[in-house]
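Single-letter residue listing:
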Amino acid sequence: MTVDDEAGQLKGEADEPGWEVDPDDEWGVAVVEAVGRQLRLRREASGMRAGEFGRKVGYGEDMVYKIEGGKRIARPEYMVKSDKVLKAAGLLTAMNEDLEKVRYPKKVREIAQMEAKAVELQLYDPLNIHGLLQTPEYSRRLLMMRRPAYTASEVERFFEARVARKSVFERDPTPELGFVVEEWTLRRPLGGKAMLRRQLEHLLEIGELRSVELQVMPLDREEHAGVDGSIEVLKFADGSAVGRSPVVANGRPVSDAKQLRILELRYGIIRGQALTPRESAAFIEQLLGDT
């Protein structure tokens, strides 16, 4: 909970969802507990009680105990303020780098780490517009439509993780990115027509990037190699690669040459069946005009 600058009052824990520790993430739990232990030891060494310390950094006493006990992930501003109050000379602020790595669910974090190293990504999602292509508003709405429903905390955590993955577009040099999206995902007005319009506009902007090949798979195709589900193939600078698909190794990442060949074969056929990037841009523009 943080200070409301206008009211001068502390907000409740419910105001900051999405910062719980995933109990199944052993490494993440260890990092959060270690940071919390350092905070507690430094606070106690300063002679401050949790309530007094909380008021100085703008957080409530209950949150101080939860962060120090490894039950909540400290926000970056909490670490910065703690560093100043406890006169830690930048040591606590530096821990934000470690906390940044565990803010997101383990599965999402592993995907992001691979994407951050890849020099080429081949991506196909038959159910939704791919997460890397979604606007923030579209991503949040999609997560809120999940059934059984995510908790507010889970929505925030997955949302922030999805947004963070988009840093792949900011890398220098940018990896080569290939996307194939289904026409029906571009037509369904999830969240309303205004949200869909912004999403279509965003796709046109992404498609203009030199490193991006964005293709649309039309509904009227009589042949479609994507009936077995999503495909993700990541290639790295050393020549190695990792692939994933629901029908290969139960969706687990694979690096076996035979399995990768199958995924690349399927992806190549899907690309050949889809509209070209130029045709796809024109198609999206037409959809935008009709929305």
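The structure this text deals with has already been given above.
Anyway, here's the lowdown on the structure attached to this text. It should be emphasised that the depicted structure is a prediction, and the values quoted were computed from it without experimental measurement.

1. Let's talk about the sheet that holds strand E5 (residues 212-217)
Piece 1. Across the sheet, which stays open at both edges, the five strands sit in the order E5-E4-E3-E6-E7 with mixed pairing between neighbours. What marks the edges here is a single partner per strand, and that holds for E5 and strand E7 (241-244). Looking at each pair of strands side by side, their axes are set apart by 5 degrees on average, direction ignored.
Piece 2. When strand E3 (residues 118-125) meets strand E4 (residues 176-182), the two strands line up parallel, connected through six bridges. Paired with Tyr 124 across the strands is Val 180, a residue of E4.
Piece 3. Sheet strands in contact with helix H12 (residues 257-273) are E3, E4, E5, strand E6 (231-236) and E7, and its direction is about 115 degrees off that of E6.

2. Looking at the environment of Pro 148
Piece 1. Relative to the elements of secondary structure, Pro 148 occurs in the loop between helix H8 (136-144) and helix H9 (152-165).
Piece 2. Given the relative accessible area of 66%, Pro 148 is considered exposed.
Piece 3. Taking the C-alpha atoms as reference points, Pro 148 and Val 31, 117 residues apart in sequence, are found 30 Å from one another.

3. Digging into unusual backbone geometry
Generally, phi is negative for residues other than glycine and the peptide bonds are trans, each holding for most cases.
Piece 1. Of the consecutive residues Arg 147 and Pro 148, the connecting peptide bond is found in the cis state with omega at 0 degrees.
Piece 2. Looking along the chain, the bond that leaves Asp 172 and enters Pro 173 is cis, with omega of 5 degrees.
Piece 3. Tracing the chain through its elements places Pro 173 in the loop between H9 and E4.
Piece 4. Backbone geometry places Ala 89, a non-glycine residue, at a positive phi of 60 degrees.
Piece 5. Assignment of secondary structure puts Ala 89 in the loop between helix H4 (76-85) and helix H5 (91-94).
Piece 6. The exposure class assigned to Ala 89 is exposed, which follows from its relative accessible area of 76%.

Parameters at a glance
- Residues numbered from 1 in each chain as written.
- Predicted model: local features only at pLDDT ≥ 70, side-chain atom pairs only at ≥ 80, totals over all residues.
- Heavy atoms only, no water.
- Pairing = 2+ DSSP bridges.
- Helix = DSSP H or I, 4+ residues; strand = E, 2+ residues; numbered from the N terminus.
- Axes fitted to C-alpha atoms, helices over the stretch in contact; angles between N-to-C directions.
- Contact = heavy atoms within 4.5 Å.
- Buried < 20%, exposed > 50% of the residue type's maximum accessible area, 1.4 Å probe, protein only.

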